[in-house]
Amino acid sequence: MKASLVASAVALSVIAVSAPSLADDPKDPLLSKSAEARARDKAIIRQLNINEMQRVRAQEAQQAQGWQAYREQPARQAEYRAALADHAREQAAYEQKMAAWREAVRRCRAGEFSYCDN
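As a starting point, this report considers the structure included with it. Here the structure is a predicted model, which is why all the values come from computation and not from measurement.

1. Section: the pattern of salt bridges
As a working rule, side chains carrying opposite charge can pair if their charged atoms are close by.
Part 1: Under the definition given, this model contains seven salt bridges.
Part 2: Between Arg55 and Glu52 there is a salt bridge; the shortest N-O distance is 2.6 Å. Within this pair, Arg55 and its partner Glu52 are both found in helix H3 (residues 35-109), separated by three residues, close to a single helical turn.
Part 3: On the basis of relative accessible area, Arg55 is assigned to the partly exposed category, the value being 44%.
Part 4: Between Glu112 and Arg107 there is a salt bridge, with its nearest N and O atoms 3.9 Å apart.
Part 5: By sharing partners, the salt bridges in this structure join Glu103, Arg106, Arg107 and Glu112 into a single network.

2. Re the state of the cysteines
Part 1: Under the defined criterion, the tally for this structure stands at one disulfide.
Part 2: With its sulfur 1.8 Å from that of its partner, Cys108 forms a disulfide with Cys116. Taking the sign of the S-S torsion, about 100 degrees here, the bridge from Cys108 to Cys116 comes out right-handed.
Part 3: For Cys108, a relative accessible area of 23% corresponds to the partly exposed category.
Part 4: Looking at Cys116, the relative accessible area reads 34%, which means it is partly exposed.

About the cut-offs
Residues numbered from 1 in each chain as written. Predicted model: local features only at pLDDT ≥ 70, side-chain atom pairs only at ≥ 80, totals over all residues. Heavy atoms only, no water. Salt bridge = Lys/Arg side-chain N within 4 Å of Asp/Glu carboxyl O. Helix = DSSP H or I, 4+ residues; strand = E, 2+ residues; numbered from the N terminus. Buried < 20%, exposed > 50% of the residue type's maximum accessible area, 1.4 Å probe, protein only. Disulfide = S-S within 2.5 Å.

Here's what the structure looks like:
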């Protein structure tokens, strides 16, 4: 069953690919009769090409932004690591101050009144 489905799909794709396209065929009888039809066909094809060019340029610009972000990633990682290190230093300094304050409170409560002013 699967083999017949694959064979059918292959046959359909061969037929689709081998079908002639008359989009801008100079021998197309409808286009060869009037200059107006040829001009209209030319304008349609030109607009299709312009639309495709705009789509490709937009896609390339989006990809360029992605690559730029990728190239900037190590710099951002370095900034992040530096910020983490700063935070760790600030946290350590805070912990030291809190430990000193707790010690002063403990000593004040133990009767060493010189520590009560801190």
